[in-house]
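Single-letter residue listing:
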Amino acid sequence: MIDLKHCLESLRANTPLVHNITNYVTVNDCANILLACGGSPIMSDDKNDVEDITGICGGLNINIGTLNAATIESMFLAGKKANELGHPVLLDPVGAGASKLRSNAANELIKQIKFSVIRGNISEIKALAQGLSGTKGVDANEADAVNASNIDGVIAFAKDFSLATGAVIAITGATDIVTDGKRVCIISNGHPIMGKITGAGCMLSAMTCAYVVANQNDVFEAVCTSLIAMGIAGEIAYKRMGSLDGNSSFRNYLIDAVYNLTSEQLHESARYELR
Amino acid sequence: MIDLKHCLESLRANTPLVHNITNYVTVNDCANILLACGGSPIMSDDKNDVEDITGICGGLNINIGTLNAATIESMFLAGKKANELGHPVLLDPVGAGASKLRSNAANELIKQIKFSVIRGNISEIKALAQGLSGTKGVDANEADAVNASNIDGVIAFAKDFSLATGAVIAITGATDIVTDGKRVCIISNGHPIMGKITGAGCMLSAMTCAYVVANQNDVFEAVCTSLIAMGIAGEIAYKRMGSLDGNSSFRNYLIDAVYNLTSEQLHESARYELR
Amino acid sequence: MIDLKHCLESLRANTPLVHNITNYVTVNDCANILLACGGSPIMSDDKNDVEDITGICGGLNINIGTLNAATIESMFLAGKKANELGHPVLLDPVGAGASKLRSNAANELIKQIKFSVIRGNISEIKALAQGLSGTKGVDANEADAVNASNIDGVIAFAKDFSLATGAVIAITGATDIVTDGKRVCIISNGHPIMGKITGAGCMLSAMTCAYVVANQNDVFEAVCTSLIAMGIAGEIAYKRMGSLDGNSSFRNYLIDAVYNLTSEQLHESARYELR
């Protein structure tokens, strides 16, 4: 069993400061979910700023959602500095496979930076692992969706990729798969409406970085807890919706649910399987 | 009559992927309203990324709200690529007339890129058409407001500008005017509180691009439907407001209303006149 | 007594246009709170755009939250132009002390630009004043918190810094201190949950700039009124929260409360002391 309560309480007790180099689309949501979960956000992406900022933080969240020439350089500088300092670093390869720039940047980051966690949808993770292209924007290709008939193959693939990179791999979607190369966790929490807001993945990455910083003794459990927490928050938020509510209210309710999440809720609603 | 139901259902059925090169002020709202209306957003503005990204999308939304030297270059690259591919391209000339950079960028875009739609307030569209300056920031000059006494002149102006550019022109405000150079639609939906949130125009442009991608057989009707849909959503959102609600809740309710919009609501509440 | 009613009504009557060069994390909230309080926002940060834009505005809000090489240059250009035109300029030195880039940029801005107001937390203001480093990210160091035992020292420090810069200094936190070098106002409005959303400080700076533009005959009173208004809005928003609400709903309620704020609410709930 994953010690969900311990992971949550460590996060709340430590208020980890997370440096985010992230896209400008969902950055506000990332900041607010970091505060909601018990962390604290800093955003900084200038090459002359990122090393100082990552130095005062506990971890680094790199998200390539709206990367550009200037911020790519900053990702490498911050990543190397965080590696030197032994800080956890998370990669969210948004849109890897959808463009050469994104695929190349993500692949080069993996070569030069040691990541504690790589989190993406199946298309993005496959693009990283295979150097292949062809994702449907930043959402997962339907053909890639994890289901009962292909899950064993996806798990084997994720384990290989974890062993190759040394990172905990989190492939998220309707079913989430987390692995550190040995242990595997299959998570079924969440709700389809989470795909109807922008930033569910970005927020999850930012929060996961905070969980990992606060639970460095077991990164695998930290990542699993973060994914379970986000899924349960999505379920709570969906239940709260009234007939006039849509995706905008859902986004608020999701962050609110993370803010109010208790270890009892985690314990009662978690749906996962360890292999 | 505009086939509102058909335009809405085509959008929902096709989930068009829209590439946005847009400002960082309202970008999150643009992404969420694209999801709300039935589309899917991608944001990308680096010169080495935009051609690949626009290639996997159905249409391109160019918004100059916080343009800079780097993103202007990307607008041209993406616009030309989208033209090559025959994808609809929409221009939102935010603040044209308010600065030389904005006016020049918008005018040069119109020269080099074939736009399917140009949507702005009357000051911005006039600045584009006349190369004139003097708008009050990004809101319309009051002296420019469309009213009963000047509407015929505005329509004649919009028709000329449509014929000159080959684009459907949408001049939005309390009264919206849409024309493809021949047909004209005058729309009265909406509520003044829409001017009390940031991004009502940006969101409308993003959504309009999605409507056009999904209804390329009649761009004029697609644009009209989008404007009517946004206006009705504004009315629904306003009616939902309680005594403690202000512009922030209104913004959420607006996006929620787009998310929940039905063809029955469109049919019952549309207020427009075709000329 | 501060003429709160007059300051509020001047703002609502004048709809001051505020040019913001600000971070991409909280920029949407800054735009919406400017609209909520009675102002109007423009965002522009390209070096070829900022002078034209600041020329059509009433005031300039410079926030260094996600500064970069390009936007720093624009801050100087816009600041000098605003000084030439006699427009109020406000500095929010986000994260000063947390990195060399931020500290140096803020210090150089203070040397080259005449600011009407400098607003930050105690760590940031100390970093500016002392050229010292060591803040905890963008939040105030706990060791720096203003309390009964050190408030006289903080006031003396703030007065000195005000006299040295010619700016009204606003040090905000659980207790706010405002001074123009002679007069001092100690404000106790607000709620701790305001530290659980991103952007409370950024929003306050943007709104304060609007208050100052609309009340240039007494910048000190304008700043005090803005801080009191934000604190009261925070109290109103907190009271509105239900058991499922968290920081995301609080953010909406805060902006809503600014939108609906009356001079009666200001008068009844203000908690301040003039020295």
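Residues numbered from 1 in each chain as written. Chains lettered and ligands numbered in written order. Predicted model: local features only at pLDDT ≥ 70, side-chain atom pairs only at ≥ 80, totals over all residues.

Colleague: For this particular structure, what's the right way to read the overall build of chain A?
Modeller: A count of helices and strands for chain A gives eleven helices and nine strands. Its C-alpha radius of gyration of 17 Å places chain A within 12% of the 19 Å reference for a compact globule of 275 residues. Judged by the C-alpha coordinates and their principal axes, chain A covers about 45 × 40 × 40 Å. Here chain A holds 275 residues, and the buried ones make up 66% of them. (Helix = DSSP H or I, 4+ residues; strand = E, 2+ residues; numbered from the N terminus. Rg over C-alpha atoms; globule rule 2.2 N^0.38 Å. Buried ≥ 20, exposed ≤ 12 C-beta atoms within 10 Å, placed from the backbone.)

Colleague: Could you clarify how one ought to interpret the sheet that holds strand β1 (residues 17-21) of chain C in this entry?
Modeller: Two pairing modes exist for strands in a sheet, parallel and antiparallel, and in both the strands are linked by backbone hydrogen bonds. Residues and elements named next belong to chain C. If you trace the nine strands from one edge of the open sheet to the other, you get β2-β1-β3-β4-β5-β6-β7-β8-β9, paired in mixed fashion. Strands at the two margins of the open sheet, each flanked by one partner only, are β2 (40-43) and β9 (272-274). Between one strand and the next, the sheet's axes are offset by a mean angle of 15 degrees, whatever the strand orientation. Sheet topology note: the strand β7 (residues 176-179)/strand β8 (residues 184-187) ladder contains four bridges and is antiparallel. In the strand pairing of β8, Ile-177 is matched with Ile-186. (Pairing = 2+ DSSP bridges. Axes fitted to C-alpha atoms, helices over the stretch in contact; angles between N-to-C directions.)

Colleague: Quick question: what am I supposed to make of the interface of chain B and chain C here?
Modeller: By a widespread convention, an interface's size corresponds to the accessible area lost as its parts come together. Contacts between chain B and chain C engage 26 residues on the former and 27 residues on the latter. Of the residues forming the side of chain B that touches chain C, the biggest block, four residues, is contributed by helix α10 (residues 247-260) of chain B. (Contact = placed C-beta atoms within 7 Å.)

Colleague: What is the right way to look at unusual backbone geometry in this model?
Modeller: Most peptide bonds take the trans form, and the phi angle of most residues other than glycine is negative. At Thr-15 of chain B, a position not held by glycine, the phi torsion is positive, near 40 degrees. For Thr-15 of chain B, the position within the fold is in the loop between α1 (4-14) and β1 (17-21).

Colleague: Got a minute to help me understand the relation of the copies chain A and chain C in this structure?
Modeller: Relating one copy of the chain to the other takes a rotation about an axis and a shift parallel to that axis. Expressed as a screw transformation, the operator carrying chain A onto chain C has a rotation angle of 120 degrees and an axial translation of 0.0 Å, and the superposed copies differ by an RMSD of 0.0 Å. Both chain copies can therefore be described as sitting about a three-fold axis. For chain A, the residue whose C-alpha comes nearest the rotation axis is Tyr-24 of chain A, separated from it by 3.6 Å. Taken as a fraction of all interface residues of chain A, those also at the interface in chain C reach only 11%, which identifies the copy contact as different-surface. (Least-squares fit on C-alpha atoms with pLDDT ≥ 70 in both.)

Colleague: I tried to follow the interface of chain A and chain C on my own but got confused; where do I start?
Modeller: Taken together, the 27 residues of chain A in the interface contact 26 residues of chain C. Elements supplying a minimum of two residues to the side of chain A that touches chain C: α2 (27-37), β2 (40-43), α3 (50-56) and α10 (247-260) of chain A. A per-element tally of the side of chain A that touches chain C places α2 of chain A first, with six residues. Residues that form the side of chain A that touches chain C fall into these classes: 14 nonpolar, seven polar and six charged. (Nonpolar A, V, L, I, M, F, W, Y, C, P; charged D, E, K, R; others polar.)

Colleague: Quick question: what am I supposed to make of the relation of the copies chain B and chain C here?
Modeller: With an RMSD of 0.0 Å, the operation that places chain B on chain C is a rotation of 120 degrees combined with a shift of 0.0 Å along the axis. A share of only 12% of interface residues in chain B that are also interface residues in chain C marks the association as one of differing surfaces.

Colleague: So what exactly am I meant to see when it comes to the packing of helix α9 (residues 219-240) of chain B against α10 of chain B here?
Modeller: For any two helices packed against each other, one specifies the inter-axial angle together with the distance between the axes. Residue and element names in this part refer to chain B. Interaxial distance between α9 and α10 falls to 8 Å at its minimum, and their mutual angle equals 130 degrees. Classified by the angle their axes make, α9 and α10 are oblique. Here α9 and α10 pass one another in a crossing that is right-handed. Contacts between α9 and α10 pair Ala-229, Ala-233, Gly-234, Ile-236, Ala-237, Tyr-238 and Arg-240 from the former with Phe-250, Tyr-253, Leu-254, Ala-257 and Val-258 from the latter. Broken down by class, the residue content of the contact of α9 with α10 amounts to ten nonpolar, one polar and one charged. (Parallel < 35°, antiparallel > 145°, perpendicular 65-115°, else oblique. Left-handed = near helix turned anticlockwise from the far one by under 90°.)

Colleague: How do you make sense of the nonpolar core when you look at a structure like this?
Modeller: A general tendency of soluble globular proteins is for nonpolar side chains to be buried together. Val-223 and Val-258 of chain A, Val-223 and Val-258 of chain B together with Val-223 and Val-258 of chain C are the most contacted members of the largest nonpolar core, which has 300 residues in total. If we skip the residues at most four places from it in the chain, Val-223 of chain A touches Val-117, Val-168, Ala-170, Val-178, Thr-208, Tyr-211 and Val-212 of chain A. (Core = buried A, V, L, I, M, F, W, Y, C linked by C-beta atoms within 7 Å.)

Colleague: Teacher, can you tell me more about α10 of chain B here?
Modeller: Helical geometry: 3.6 residues make up each α-helical turn, so side chains three or four residues apart lie on a common side. Given a rise of 1.5 Å per residue, 14 residues ought to cover 20 Å, and the 20 Å separating the end C-alpha atoms of α10 of chain B matches this to within 8%. Burial runs high along α10 of chain B: 13 of the 14 residues are buried. (Expected span 1.5 Å × (residues − 1).)

Colleague: What exactly am I supposed to notice about the sheet that holds strand β7 (residues 176-179) of chain A here?
Modeller: Residue and element names in this part refer to chain A. Strand order in the open sheet made by the nine strands is β2-β1-β3-β4-β5-β6-β7-β8-β9, with mixed pairing throughout. Each edge of the open sheet is held by one strand with a lone partner, namely β2 and β9 (272-274). Neighbour-to-neighbour, the strand axes of this sheet turn through a mean angle of 15 degrees, independent of strand direction.

Colleague: For this particular structure, what's the right way to read the environment of Gly-234 of chain C?
Modeller: Residues and elements named next belong to chain C. Looking at the element boundaries, Gly-234 is found in helix α9 (residues 219-240). Distance from Gly-234 to Leu-254, taken between C-alpha atoms, is 5.6 Å for residues 20 residues apart in sequence. The contact partners of Gly-234, leaving out residues within four places of it in the chain, are Gly-190, His-191, Met-194 and Leu-254.

Colleague: Which parts of the structure should I look at to understand the pairing of strand β4 (residues 89-92) of chain A?
Modeller: Residue and element names in this part refer to chain A. Side chains of β4 alternate between two faces, with Val-89 and Leu-91 and Leu-90 and Asp-92 buried alike. For strand β3 (residues 59-63) and β4, the ladder comprises four bridges, and the chain directions are parallel. Residue pairing for β4: Ile-62 is matched across the bridge by Leu-91. Handedness of the crossover is the feature at issue here: the chain leaves β3, passes through helix α4 (residues 69-85), returns alongside β4, and the resulting connection is right-handed. Two strands pair when backbone bridges link them, and β4 and strand β5 (residues 117-120) are joined in this way by two bridges, in the parallel orientation. (Right-handed = clockwise from strand over helix to strand, strands pointing away.)

Colleague: Looking at this structure, how should I read the pairing of strand β2 (residues 40-43) of chain B?
Modeller: Looking along a regular strand, one sees side chains alternate from face to face of the sheet. Residue and element names in this part refer to chain B. Judged by which residues are buried, β2 turns out to be covered on both faces: Ser-40 and Ile-42 on one side and Pro-41 and Met-43 on the other are all buried. With four bridges connecting them, β1 and β2 associate as parallel partners. From the neighbouring strand, Leu-17 faces β2, where its bridge partner is Ser-40. Crossover handedness for the path β1 to helix α2 (residues 27-37) to β2: right-handed.

Colleague: Just checking my understanding: could you explain the environment of Leu-67 of chain C for this structure?
Modeller: When you line up the elements, Leu-67 of chain C lands in the loop between β3 (59-63) and α4 (69-85). We classify Leu-67 of chain C as buried; it has 29 C-beta atoms within 10 Å. Sequence separation between Leu-67 of chain C and Ile-125 of chain C is 58 residues; the distance between their C-alpha atoms is 17 Å. Beyond its immediate sequence surroundings of up to four residues, Leu-67 of chain C is in contact with Asp-46 of chain A together with Ile-72, Leu-101, Arg-102 and Ala-105 of chain C.

Colleague: Just to check I follow, could you spell out the confidence of the model for chain A for this structure?
Modeller: The predicted coordinates of low-pLDDT regions are not to be read in fine detail. Residues and elements named next belong to chain A. Looking at chain A, the pLDDT average stands at 95 and 95% of residues meet or exceed 70. Across residues 132-137, where pLDDT falls below 50, the model places 20 contacts with residues more than four positions away in sequence or in other chains. In the model output, the complex is listed with pTM 0.96 alongside ipTM 0.95. (pLDDT = per-residue confidence, 0-100.)

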